[in-house]
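So you can see what is in the structure, the chains are spelled out below.
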Amino acid sequence: MAEYKSIGINTEKRDAMSLVTGQPVFTDDIALKDMLHIKMMHSPYPHATIEEINTEKAEGYPGVLMVLTYKNTPRVIHTTAGQGWPEPSPYDTYMFNQKMRFVGDRVAAVVAESEEAACEALKLIEVKYNILQAVLDPHDSMRDGVPVIHDEPEIKGAYDPQHNLAANIDIEIGDINEELKKSAYVIEDTIRTQYVQLTPIEPHVTISYLDEYGRIVIRTSTQVPFHVRRIVAQVLDIPVRNIRVIKPRTGGGFGTKQEIILEDICAYATLKTGRPVRAIYTREEELMSTRTRHPMEISLKIGAGEDGLINAISMHILSNTGAYGAHGLTVASNSGSKSLPLYNKAKAVQFRANIVYTNLPVAGANRGYGAPQAYAALEQVIDELAYKTGIGPLEFRKKNHIRTGETSPIFKALGEGKEGVEQYIQSCALDELIDRGAQEIGWYEKFGKHIRNGSKVRGVGMAMLMQGSAIPMVDMGAATIKMNEDGSFNLMYGGTDLGTGLDTVSSQIVAETLGVKPEDIIVYASDTDITPFDVGAYASSGLYISGSAALKAAMAVRDQIFEVAKELLGEVDDKNFILEDGRVISKASGKSLSLSEIAHHTLYVSNQHQIIASASMVSPYSPPPFAVHFAEIEVDGETGVIKPIKYVAAMDCGKPINPELVKGQIIGAVSEGLGYALTEEYVFDENGKMLNGNLTDYKIFSTRDMPEVVPIIVETYEPTGPYGAKSAAEININGPAPAIANALYDAIGIRVKDFPLTPEKVLREIKNK
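Residues numbered from 1 in each chain as written. Predicted model: local features only at pLDDT ≥ 70, side-chain atom pairs only at ≥ 80, totals over all residues. Heavy atoms only, no water.

*Asks:* Give me the lowdown on the overall build of the chain, citing residues and values where you can.
*Replies:* A count of helices and strands for the chain gives 19 helices and 27 strands. Its C-alpha atoms give the chain a radius of gyration of 27 Å, near enough to 27 Å, the size a compact globule of 769 residues would have. The burial tally for the chain puts 63% of its 769 residues in the buried class. A sequence separation of at least 24 residues applies to 80% of the contacts in the chain between residues at least 6 apart. Approximately 27,700 Å² of the chain is accessible, and the part contributed by carbon and sulfur atoms is 50%. Side chains of the chain give 75 positive and 99 negative charges; the mean places of these two sets differ by 2 Å. (Helix = DSSP H or I, 4+ residues; strand = E, 2+ residues; numbered from the N terminus. Rg over C-alpha atoms; globule rule 2.2 N^0.38 Å. Buried < 20%, exposed > 50% of the residue type's maximum accessible area, 1.4 Å probe, protein only. Contact = heavy atoms within 4.5 Å. Areas by Shrake-Rupley, 256 points an atom, 1.4 Å probe, with all protein chains shown as cover. Lys, Arg positive; Asp, Glu negative; His and termini not counted. Charge placed at Lys NZ, Arg CZ, Asp CG, Glu CD.)

What follows is the structure in structure tokens.
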């Protein structure tokens, strides 16, 4: 490993001081003159058509400027999914529609001088609904005679809307039935996962206004500013050039902000009124009307030979996309593509998925993007198979996991909504992750020991994981770097920092390349007028794509600096030049120049020009980070309560650019994964209305609930990544559900087949046993 000055160093997070001192850095931290406010009316029914809607009284309420409905807004079919064009999600959504498809769907929006006036006016809107039969069970969606949820003739890209099938996947490699017949050991099981949302502390919020040239400026809490610009232009039928999108600091996104939720309505209201417009969701609206994780039913059948090698894996998924199909195909694709290659010894692999519409909240992107659901099932069945073969969970996984230099046919067969690319693993530390994690948790001292304290029993469980780093040959990011007189640099790039520290690590990459300190890099990001294009923050692409673009731009700037240094130092070759401590140093002659001297020369003295460069990054690879998680729990046989005692997350993310930020990503993902495993779940009434739409009744993990979490970073070198780095943000949310479930089995010998693992379900299985 090379010696670095800025890479692998725990530099201060770029926005740390502004955040802790309460500076106005978030979307809603500004108040514009004459700003209007939007409040939304949502459908009270899961499936209905609007027969009549009367807005006259609401429009006459003091302070109300307009009421938007399907009658007076553009009818342009589109997808709200913030994905690269052409989007793989179906076009099945309008700004407003006459048909309601879930409790929480858009009915109307009041635009008023104050939030209070808007809220009062909402009460005056009179709506007569024709209530339709609702489809609330995904098992019913494709049956003959069931109501068609999307019967609009304009729908595009849905697989079979007449049978409520948004998307379908059917992949088979090898002869699955033949390999299962050959297998000495076969395990078959079905696991169900639930509706959840990752509850970013900042809800969806957008402010739009007209600039001095009459262009729409959208200031919004988003992961995908450039996709917002494109889709809003499409919906409003105006040129992209007339829209500017700015992303300030973001109070969390976790996938739910990879979507166009409020931006189209705010922009339209600004166009119609000429005034600034603000919309912000309440927590109840955030939970019910934004985007959730796809609930899935995952059926697995895995066979292994006498030697313990896996012969065949069959994974069938029923995915509930809710009322609209945003991300439906790609999330389900990811369930297979981010899990099945991990066990690449299988001679036959089958992956099938039906992604169905229901009259329930809309699923979309959520951290992990289909992988948490897949691993919740896969890693339990792998454990069951390890028990059946008699090899044990650790050695069974060591025997079967993918290794450096190997590939999997799944990489090519299953991309995100289309065929993937062939790729080989170039960095992998799975064996070391297993060994170090097992040592830290005390695996050999605790596994199978059933240590008791009254009614409470302890157990340990583990799970092995992989993810990806961006979508190969799809995701693209770009960066521009320019040099200033004092030897500092401006980095302008489209990367979207959601609190992850992307701006920080990008400045570290540029600083290392240009021989300066990270604080000498002035970062400006995510402004569609000023920064170059970037797909945004999703698919674990931030460091690998946006960071690599910054690296390439820095290397181009370095070449320009060396050209000037050759002239000023009187040398014919720059192969002996290095950049260090803000100077160009010739190792051949010992002479040097400061970067400030070079900048002054190029800007003011001779051959005047701006040292500046832009670069883009799109990759044919998506190198997986790897992780192995271990959980120790205590389960009370009398109450069914599962208490996590200790959690170990060992990860290989290549070279960690900023180890403390990596640890923060690990701990944050684990906390969300623990909620997914144990407490979080949407509860609906018989009409599809959410009953726990607040953070009192919807139980996320707090610091009080957290066990001791031990993050372990095992450093490798990924040759395709910036300074050897791979992604780190998503993978660790995949582990808690299966690790906790496997620990539960170790403790008391039961498996709960539907998440979350609540006390009621645990007691039910204890009684059944």
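From this point, things continue past the structure.
*Asks:* Describe the sheet that holds strand E14 (residues 310–322), naming the residues involved and giving the relevant values.
*Replies:* Reading across the sheet, the five strands line up as E7-E15-E14-E13-E8 and stay open at both edges, with mixed pairing between neighbours. If you trace the sheet from one side to the other, it starts and ends with strand E7 (165–173) and strand E8 (185–192), each paired once. Pairs of neighbouring strands in the sheet enclose a mean axial angle of 5 degrees, with direction left out of account. Looking at chain direction, E8 and strand E13 (residues 296–304) are connected through eight bridges and run antiparallel. For Ile191, the partnering residue across the bridge sits in E13 and is Ile298. (Pairing = 2+ DSSP bridges. Axes fitted to C-alpha atoms, helices over the stretch in contact; angles between N-to-C directions.)

*Asks:* Go over the pairing of strand E18 (residues 476–483) with me, naming the residues and quoting the values.
*Replies:* By the criterion of burial, E18 is predominantly enclosed, with six of the eight residues buried. Alignment of E18 against strand E19 (residues 489–493), held across five bridges, turns out to be antiparallel. Pairing of Ala479 across the sheet is with Tyr493, part of E19. The loop that links E18 with its antiparallel partner E19 comprises five residues; one of these, Gly487, has a positive phi angle of about 85 degrees.

*Asks:* Mind laying out the sheet that holds strand E4 (residues 99–100), listing which residues take part and the relevant values?
*Replies:* The strands making up a sheet associate through backbone hydrogen bonding, with each pair oriented either parallel or antiparallel. Taking strand neighbours across the sheet as the criterion, the three strands line up as E4-E2-E6 in an open arrangement whose pairing is antiparallel. In this open sheet, the two edge strands, each paired with only one partner strand, are E4 and strand E6 (126–131).

*Asks:* Any details on the domain arrangement of the chain? Residues and values, ideally.
*Replies:* Splitting the chain by domain gives domain 1 (16–23 + 476–618), domain 2 (31–132 + 204–280) and domain 3 (292–471 + 621–768). If you average the C-alpha positions of domain 2 and of domain 3, the two centres end up 36 Å apart. With 22 residues of domain 2 at the contact, the number on the domain 3 side is 21 residues. The contact between domain 2 and domain 3 buries some 1,600 Å² in all, and 53% of this surface belongs to carbon and sulfur atoms. The interface formed by domain 2 and domain 3 holds zero salt bridges in total. Our count for the domain 2 to domain 3 interface comes out at 12 residue pairs in polar contact (both at pLDDT 80 or more). Split into classes, the residues belonging to the side of domain 2 that touches domain 3 amount to seven nonpolar, 10 polar and five charged. (Domains from an automatic or database assignment. Buried area = accessible area lost by both parts, 1.4 Å probe. Salt bridge = Lys/Arg side-chain N within 4 Å of Asp/Glu carboxyl O. Polar contact = N/O pair within 3.5 Å; in protein donor to acceptor, adjacent residues only side chain to side chain. Nonpolar A, V, L, I, M, F, W, Y, C, P; charged D, E, K, R; others polar.)

*Asks:* I'd like a rundown of the packing of helix H17 (residues 659–678) against helix H18 (residues 736–748), residues and numbers included.
*Replies:* The contact between H17 and H18 brings their axes to 8 Å, and the two run at 55 degrees. By the angle between their directions, the pair H17 and H18 is classed as oblique. When you trace H17 past H18, the crossing you get is right-handed. Residues Val670, Gly673, Leu674, Tyr676, Ala677 and Leu678 of H17 lie in contact with H18, whose contacting residues are Pro736, Ala737 and Ile740. Residue classes in the contact of H17 with H18 are distributed as eight nonpolar, one polar and no charged. (Parallel < 35°, antiparallel > 145°, perpendicular 65-115°, else oblique. Left-handed = near helix turned anticlockwise from the far one by under 90°.)

*Asks:* How would you sum up the environment of Thr190? Please name residues and give values.
*Replies:* With respect to the helices and strands, the residue Thr190 is situated in strand E8. Residue classification places Thr190 among the partly exposed positions, given a relative accessible area of 23%. Linking Thr190 and Ala377, residues 187 residues apart in sequence, is a C-alpha distance of 7.3 Å. At 3.0 Å, the side chain of Thr190 and the side chain of Ser299 are in polar contact.

*Asks:* I'd like a description of helix H10 (residues 393–400), backed by residues and values.
*Replies:* Among the eight residues that make up H10, six are buried, leaving the element largely enclosed by the rest of the structure. Among the residues of H10, those classed as buried are Pro393, Leu394, Phe396, Arg397, Lys398 and Asn400.

*Asks:* Help me get a handle on unusual backbone geometry, residues and values and all.
*Replies:* Cis rather than trans, the peptide bond between Trp85 and Pro86 has omega equal to -10 degrees. Put simply, Phe755 and Pro756 share a cis peptide bond, and its omega is 0 degrees. Within the element layout of this structure, Pro756 appears in the loop between H18 and helix H19 (759–768). If you check the backbone angles, Ser540 has positive phi at about 50 degrees while not being a glycine. Topologically, Ser540 is positioned in the loop between strand E20 (521–525) and helix H15 (542–569). Overall, the relative accessible area of 10% leaves Ser540 in the buried class. Within the chain, Tyr723 stands out as a residue other than glycine whose phi angle is a positive 55 degrees.

*Asks:* So what about the packing of aromatic side chains? Which residues, and what values?
*Replies:* Tallying each qualifying case throughout the model produces 13 aromatic pairs. Ring geometry for Tyr387 against Tyr745: centres 5.1 Å apart, planes inclined by 65 degrees, an arrangement best described as edge-to-face. Taken together, the positions of Tyr387 in helix H9 (residues 371–389) and Tyr745 in helix H18 put the pair 358 residues apart, joining distant regions of the chain. Here Trp443 and Phe447 contribute two aromatic rings whose centre-to-centre distance is 4.6 Å and whose plane-to-plane angle is 10 degrees, an arrangement assigned as stacked. On the accessibility criterion, Trp443 (3% relative accessible area) is buried. Grouped by ring-pair contacts, the aromatic residues Tyr387, Trp443, Phe447, Phe630 and Tyr745 constitute a single cluster. Between Arg75 and the ring centre of Tyr94, over which it is positioned, the NZ or CZ distance is 3.8 Å. (Phe/Tyr/Trp six-rings, centres within 6.5 Å; stacked < 30°, edge-to-face > 60°. Lys NZ or Arg CZ within 6 Å of the ring centre and 35° of its normal.)

*Asks:* Lay out the environment of Ala627 in plain terms, naming residues and giving numbers.
*Replies:* With respect to the secondary-structure elements, Ala627 resides in strand E25 (residues 626–636). Spatially, the C-alpha atoms of Ala627 and Ala429 are 8.7 Å apart, while their sequence positions differ by 198 residues. Once residues within four sequence positions are removed from consideration, Ala627 is found in contact with Leu430, Leu433, Ala463, Met464, Leu465, Ala650, Met651, Ile731 and Asn732.

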